[in-house]
Amino acid sequence: MACPFCNPKESGNTIIAENEYAYVIHDKHPIVEGHLLVIPKRHYETIVEMDEKTLCGTMLLVREMEKRLMERVGVKGLTLRQNWHPFLKEDELVVRHVHFHIIPREYNDKMASGIERIELSNIKKNEIAKKLR
Ligand SMILES: [Zn+2]
(Lines give C-alpha, C1' and ligand atoms only; values in the text may rest on other atoms or scores of the structure.)
Protein backbone atom coordinates (compact mmCIF):
# COMPACT_ATOMS: atom_id res chain seq x y z
CA MET A 1 0.00 0.00 0.00
CA ALA A 2 1.36 3.45 -0.94
CA CYS A 3 2.07 5.70 2.02
CA PRO A 4 -0.74 8.30 2.22
CA PHE A 5 1.52 10.83 3.94
CA CYS A 6 4.12 10.62 1.14
CA ASN A 7 1.30 11.44 -1.30
CA PRO A 8 -1.04 13.79 0.61
CA LYS A 9 -2.83 15.28 -2.39
CA GLU A 10 -3.41 11.90 -4.04
CA SER A 11 -4.90 10.79 -0.71
CA GLY A 12 -7.50 13.58 -0.92
CA ASN A 13 -5.96 15.90 1.67
CA THR A 14 -5.84 19.68 1.45
CA ILE A 15 -2.51 21.12 2.52
CA ILE A 16 -3.19 23.95 4.97
CA ALA A 17 0.41 25.17 5.33
CA GLU A 18 3.91 23.97 4.55
CA ASN A 19 7.58 24.79 4.64
CA GLU A 20 10.61 23.16 2.99
CA TYR A 21 10.48 20.16 5.33
CA ALA A 22 6.91 19.51 6.36
CA TYR A 23 3.26 20.16 5.62
CA VAL A 24 0.00 20.44 7.59
CA ILE A 25 -3.37 18.76 7.01
CA HIS A 26 -6.55 18.19 9.03
CA ASP A 27 -6.63 14.87 10.86
CA LYS A 28 -8.88 12.49 8.91
CA HIS A 29 -10.50 11.40 12.20
CA PRO A 30 -10.33 14.55 14.36
CA ILE A 31 -10.80 14.43 18.12
CA VAL A 32 -11.89 18.10 18.12
CA GLU A 33 -12.18 20.97 15.64
CA GLY A 34 -8.77 22.19 14.56
CA HIS A 35 -7.03 18.84 15.16
CA LEU A 36 -4.06 19.09 12.78
CA LEU A 37 -1.27 16.82 11.62
CA VAL A 38 2.20 18.16 10.90
CA ILE A 39 4.00 15.70 8.65
CA PRO A 40 7.59 15.66 7.37
CA LYS A 41 7.74 15.53 3.56
CA ARG A 42 10.38 12.77 3.64
CA HIS A 43 9.25 9.35 4.76
CA TYR A 44 10.45 8.37 8.24
CA GLU A 45 8.76 5.75 10.33
CA THR A 46 9.92 7.16 13.68
CA ILE A 47 11.19 10.43 15.14
CA VAL A 48 14.44 8.64 15.96
CA GLU A 49 15.18 8.18 12.25
CA MET A 50 14.58 11.83 11.33
CA ASP A 51 17.58 13.91 10.28
CA GLU A 52 18.11 17.09 12.33
CA LYS A 53 17.16 19.55 9.58
CA THR A 54 13.87 17.77 8.91
CA LEU A 55 13.12 17.46 12.61
CA CYS A 56 13.85 21.15 13.23
CA GLY A 57 11.91 22.21 10.13
CA THR A 58 8.95 20.10 11.21
CA MET A 59 9.02 21.54 14.74
CA LEU A 60 9.19 25.09 13.37
CA LEU A 61 5.99 24.35 11.47
CA VAL A 62 4.44 22.86 14.63
CA ARG A 63 5.27 26.10 16.47
CA GLU A 64 3.85 28.24 13.66
CA MET A 65 0.60 26.27 13.55
CA GLU A 66 0.19 26.41 17.34
CA LYS A 67 0.71 30.18 17.14
CA ARG A 68 -1.89 30.52 14.35
CA LEU A 69 -4.42 28.32 16.18
CA MET A 70 -4.13 30.51 19.28
CA GLU A 71 -4.01 33.89 17.51
CA ARG A 72 -6.36 33.32 14.58
CA VAL A 73 -8.72 30.56 15.71
CA GLY A 74 -8.90 31.49 19.39
CA VAL A 75 -7.67 28.15 20.71
CA LYS A 76 -7.04 28.40 24.48
CA GLY A 77 -4.77 25.39 24.96
CA LEU A 78 -3.04 22.63 22.98
CA THR A 79 -1.69 19.14 23.25
CA LEU A 80 1.18 18.11 20.98
CA ARG A 81 1.33 14.36 20.49
CA GLN A 82 3.45 11.95 18.50
CA ASN A 83 2.37 8.33 18.55
CA TRP A 84 4.43 5.31 17.69
CA HIS A 85 2.48 2.07 17.95
CA PRO A 86 4.42 -0.66 16.15
CA PHE A 87 2.48 -3.22 18.20
CA LEU A 88 -0.82 -2.25 16.58
CA LYS A 89 -1.93 -4.04 13.45
CA GLU A 90 -2.21 -2.08 10.20
CA ASP A 91 -5.53 -0.37 9.69
CA GLU A 92 -6.68 2.98 8.43
CA LEU A 93 -5.77 4.70 11.70
CA VAL A 94 -2.17 3.50 11.59
CA VAL A 95 0.11 5.24 9.11
CA ARG A 96 3.77 4.29 9.40
CA HIS A 97 5.05 7.76 8.53
CA VAL A 98 5.97 9.86 11.56
CA HIS A 99 3.61 12.78 12.22
CA PHE A 100 2.70 15.17 15.02
CA HIS A 101 -0.84 15.78 16.25
CA ILE A 102 -1.74 19.30 17.33
CA ILE A 103 -4.95 18.98 19.34
CA PRO A 104 -6.78 22.10 20.56
CA ARG A 105 -7.80 21.83 24.22
CA GLU A 106 -10.34 23.35 26.55
CA TYR A 107 -10.67 23.28 30.30
CA ASN A 108 -11.99 19.88 31.45
CA ASP A 109 -12.46 18.58 27.87
CA LYS A 110 -12.84 14.92 26.99
CA MET A 111 -9.08 14.43 26.71
CA ALA A 112 -8.75 15.49 30.35
CA SER A 113 -10.54 12.37 31.48
CA GLY A 114 -9.78 8.72 30.91
CA ILE A 115 -6.07 8.75 31.68
CA GLU A 116 -5.19 7.55 35.14
CA ARG A 117 -1.86 8.56 36.64
CA ILE A 118 0.28 5.97 38.38
CA GLU A 119 2.39 6.18 41.52
CA LEU A 120 6.08 5.68 40.74
CA SER A 121 8.57 4.99 43.51
CA ASN A 122 11.86 6.90 43.72
CA ILE A 123 13.68 3.59 43.25
CA LYS A 124 11.90 3.00 39.94
CA LYS A 125 12.41 6.64 38.88
CA ASN A 126 16.14 6.34 39.57
CA GLU A 127 16.31 3.02 37.71
CA ILE A 128 14.77 4.59 34.62
CA ALA A 129 16.84 7.79 34.89
CA LYS A 130 20.04 5.71 35.18
CA LYS A 131 19.24 3.98 31.88
CA LEU A 132 18.52 7.33 30.19
CA ARG A 133 21.71 9.13 31.30
ZN1 LIG B 1 5.42 8.09 3.87
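Here is a short report on the structure shown in this document. (Residues numbered from 1 in each chain as written. Predicted model: local features only at pLDDT ≥ 70, side-chain atom pairs only at ≥ 80, totals over all residues. Heavy atoms only, no water.)

## Here's the deal with the overall build of the chain
- Counting secondary structure elements, the chain contains two helices and five strands.
- When the helices and strands of the chain are placed in sequence order, the string is β-β-β-α-β-β-α.
- Along the first, second and third principal axes, the C-alpha atoms of the chain reach 50 × 35 × 30 Å.
- Relative to its 133 residues, the chain shows a buried fraction of 31%.
- Pairs at least 24 apart in sequence give 54% of the contacts found in the chain among residues at least 6 apart.
- Only carbon and sulfur atoms are counted for the fraction: they give 53% of the accessible area of the chain, which is about 9800 Å². (Helix = DSSP H or I, 4+ residues; strand = E, 2+ residues; numbered from the N terminus. Buried < 20%, exposed > 50% of the residue type's maximum accessible area, 1.4 Å probe, protein only. Contact = heavy atoms within 4.5 Å. Areas by Shrake-Rupley, 256 points an atom, 1.4 Å probe, with all protein chains shown as cover.)

## Here's the deal with the pattern of salt bridges
- By the definition in use, this model includes five salt bridges.
- Note that Arg42 is salt-bridged to Asp51, the shortest N-O span being 3.6 Å.
- Owing to a relative accessible area of 26%, Asp51 belongs among the partly exposed residues under this scheme.
- For Glu64, the salt bridge goes to Arg68, with nearest N and O atoms at 2.9 Å. Of this pair, Glu64 and Arg68 both sit in helix 1 (residues 52–73), four residues apart, roughly one helical turn.
- Here Arg68 falls in the partly exposed class, since its relative accessible area comes to 27%. (Salt bridge = Lys/Arg side-chain N within 4 Å of Asp/Glu carboxyl O.)

## Describing the coordination of the zinc ion
- Distances from the zinc ion to its protein donors, Cys3 (SG), Cys6 (SG), His43 (ND1) and His97 (ND1), fall at 2.0 to 2.3 Å.
- Mapped onto the sequence, the residues coordinating the zinc ion show the spacing C-x2-C-x36-H-x53-H. In this pair, His43 sits in the loop between strand 3 (36–40) and helix 1 while His97 sits in the loop between strand 4 (77–81) and strand 5 (100–105), placing the two residues 54 residues apart along the sequence.
- Overall, the relative accessible area of 40% leaves His43 in the partly exposed class.
- Judged by relative accessible area, His97 falls into the buried class, the value being 0%. (Donors = N, O, S within 2.8 Å, 3.2 Å for Na, K, Ca; no water.)

## Re a nonpolar patch on the surface
- Together, Ile118, Leu120, Ile128 and Leu132 make up an exposed nonpolar region whose accessible area comes to about 420 Å².
- Structurally, the position occupied by Ile128 is in helix 2 (residues 122–132).
- Owing to a relative accessible area of 38%, Ile128 belongs among the partly exposed residues under this scheme. (Patch = residues over 30% accessible without salt bridge, like charges linked within 9 Å, V, L, I, M, F, W, Y side chains within 5 Å.)

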